[in-house]
Amino acid sequence: MAPLQSNEVKLVDYIPAYQPHFERLNKWWIEKYFTVEPVDEDVLGKPDQHIIAKGGDIIFAMVGETIAGTVALKSIDAETAEMTKMAVDEAYQGHRIGWKLAEGILEVARKKGLKKVVLYSNTKLVPALNMYQKLGFREIPVEEGRYERSTIKMEIVFGEENRHYAIADGLIDAINAAVPLLKQIPETVAAERISRGKWSPKEIIGHLIDSAINNNVRFIRSQQISLLEIPGYAQDFWVKGQAWQFSSWQELIELWAGMNKHLALTVRAIPAKALQHLIKINEKEPVTLEYVVTDYLEHLKHHLTQVKIIL
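Quick caveat: nothing in here was measured; it's all calculated off a predicted structure. Residue numbers here run from 1 along each chain, matching the order of that chain's written sequence. In keeping with the model being predicted, local features are shown solely for residues with a pLDDT of at least 70 and side-chain atom pairs are shown and tallied solely at 80 or more, while totals for entire chains, interfaces and linings include all residues. Think of the side-chain values as coming from all heavy atoms in the structure, minus any hydrogens and water.

Visitor: Would you explain helix 5 (residues 126-135) in this entry?
Guide: Owing to its 3.6 residues per turn, the α-helix aligns residues three or four sequence positions apart on the same side. Throughout this description, buried means an accessible area under 20% of the type-specific maximum (1.4 Å probe, protein chains only), exposed means over 50%, and partly exposed covers the range between. Helix numbering and strand numbering both begin at the N terminus, where a helix is a DSSP run of H or I of at least 4 residues and a strand a DSSP run of E of at least 2. Buried within helix 5 we find Leu 129, Met 131, Tyr 132, Gln 133 and Leu 135. Buried positions along helix 5 lie against strand 4 (80-88), helix 4 (97-111), strand 5 (116-121), strand 7 (152-157) and helix 10 (249-268). Positive backbone phi, at 115 degrees, marks Gly 136, one or two positions downstream of helix 5. Whether two residues are in contact is decided by their heavy atoms, any of which lying within 4.5 Å being enough.

Visitor: Would you explain the sheet that holds strand 8 (residues 228-230) in this entry?
Guide: Only strands joined by at least two bridges in the DSSP assignment are considered to pair. Spatially, 8-9-10 is the arrangement adopted by the three strands of the open sheet, whose pairing is mixed. In this open sheet, the two strands that pair with only one neighbour each are strand 8 and strand 10 (287-288). The sheet contact formed by strand 8 and strand 9 (residues 278-281) spans three bridges and is parallel. Residue pairing for strand 9: Leu 228 is matched across the bridge by Ile 279.

Visitor: Please clarify how the packing of aromatic side chains should be interpreted in this entry.
Guide: Two numbers describe a pair of aromatic rings. These are the distance of the centres and the angle of the planes. Ring pairs shown here join Phe, Tyr and Trp side chains whose ring centres sit within 6.5 Å, with only the six-membered ring taken for Trp; geometry is labelled stacked below 30 degrees between planes, edge-to-face above 60, and tilted in between. According to the stated counting rule, one finds eight aromatic pairs in the structure shown. Ring centres 6.2 Å apart and planes at 45 degrees place the aromatic pair Tyr 33 and Phe 34 in the tilted group. Overall, Tyr 33 belongs to the partly exposed group, its relative accessible area being 37%. Look at Phe 34 and you get buried, because its relative accessible area is 18%. Both rings, one in Phe 219 and one in Tyr 296, keep their centres 6.0 Å apart while their planes meet at 80 degrees; by these two values the pair is edge-to-face. Highlighted residues: Phe 219 in helix 8 (residues 201-224) and Tyr 296 in helix 11 (residues 289-305), separated in sequence by 77 residues. For the pair shown, Phe 219 and Tyr 296 are each scored as buried. Ring pairs connect the aromatic residues Tyr 14, Tyr 18, Phe 22 and Phe 60, which therefore count as one cluster. Sitting over the face of the ring of Tyr 165, Arg 268 holds its NZ or CZ atom 4.1 Å from the ring centroid. Geometrically, a charge over a ring is one whose NZ (Lys) or CZ (Arg) sits within 6 Å of the ring centre while staying within 35 degrees of the ring normal.

Visitor: Help me understand the sheet that holds strand 2 (residues 57-63) in this model?
Guide: Paired through backbone hydrogen bonds, the strands of a sheet run either parallel or antiparallel to each other. A sheet is described by the order of its strands in space; here seven strands give the open sequence 1-2-3-4-5-7-6, paired in mixed fashion. For this open sheet the edge positions go to strand 1 (9-13) and strand 6 (138-140), each flanked by a neighbour on one side alone. Here the average twist between neighbouring strands, direction ignored, is 30 degrees. Axis lines are fitted to C-alpha atoms, over the contacting stretch for helices. Their N-to-C directions set the angle, which ranges from 0 to 180 degrees.

Visitor: Help me understand the nonpolar core in this model?
Guide: Side chains of nonpolar character tend, in soluble globular proteins, to be buried together. Counting 43 residues, the largest nonpolar core has Leu 171, Leu 182, Phe 219, Trp 249, Trp 256 and Leu 304 as the members making the most contacts within it. For this core, the secondary-structure elements that each account for two or more residues are helix 6 (164-183), helix 8, strand 8, helix 10, strand 9 and helix 11. Once you skip the residues sitting within four places of it in the chain, Trp 256 turns out to touch Ile 175, Ala 178, Val 179, Leu 182, Ile 205, Leu 208, Ile 209, Leu 300 and Leu 304. Residues belong to a common nonpolar core when they are buried Ala, Val, Leu, Ile, Met, Phe, Trp, Tyr or Cys residues joined through side-chain atoms within 4.5 Å. Of all hydrophobic cores here, the second largest spans 31 residues; its members include Val 63, Leu 119, Leu 129 and Phe 137.

Now the structure itself:
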């Protein structure tokens, strides 16, 4: 099937005649990966009773006259709802229909004045979890007594200022732009120190790996406590101690890229309220976690210019 254009997928509201499609689509994926539980049978067979009548919503994705996917919003309380029963017909997967459904049901939640949407899923559903994370959901503790198959719970809080999402995206953009350029630099050039006391390109990228190691700890620990006191690190000592000068240039690039891709995930997972937690590094004045996260990206870009990578 050729890629679908966005205007070929239309979102429509639930009507009782669509109940069989709601059941069909969801039973397919549950049976493929798990076991249909009694609670599934009840909800899928009677969505009017269990979702619509209790203040929830169900929407469908239609391609022409074909119902290709569905998702529901199940009311929990006056401020919170659960995004549930998302399913896309196997024949229409790979066309971002799940993304369109998720955005559609989150817009329904916003218009209802809800403050938060949660979801329950399973960690084996990797593409779905990646999508949820990119939409702004973050993992929270999962309680007992929901679905047997639920091994992860996520939430999105409306109205939060998630400015750090832009930093995470900027970090990925920087990696994607820099890696091909770095790989064009020959090993001998990457190993050269232009003058005594200056770092070679290998050592500069090594230093950026050291920075990733140290800042990863800062990003995690400072979420647990405000006014965290944490030591700095002696940059030259780390560069020599890690022996970056004697590492393979191509392996260094892959290590740097991999660590920073992980760090982008770490940044996105920071709760918005934790961004104002304070960090005191050495004897410097305390700064916010948001400042440290922002400065990390600027520091990375600064050192890339030293190896002639201009972003």
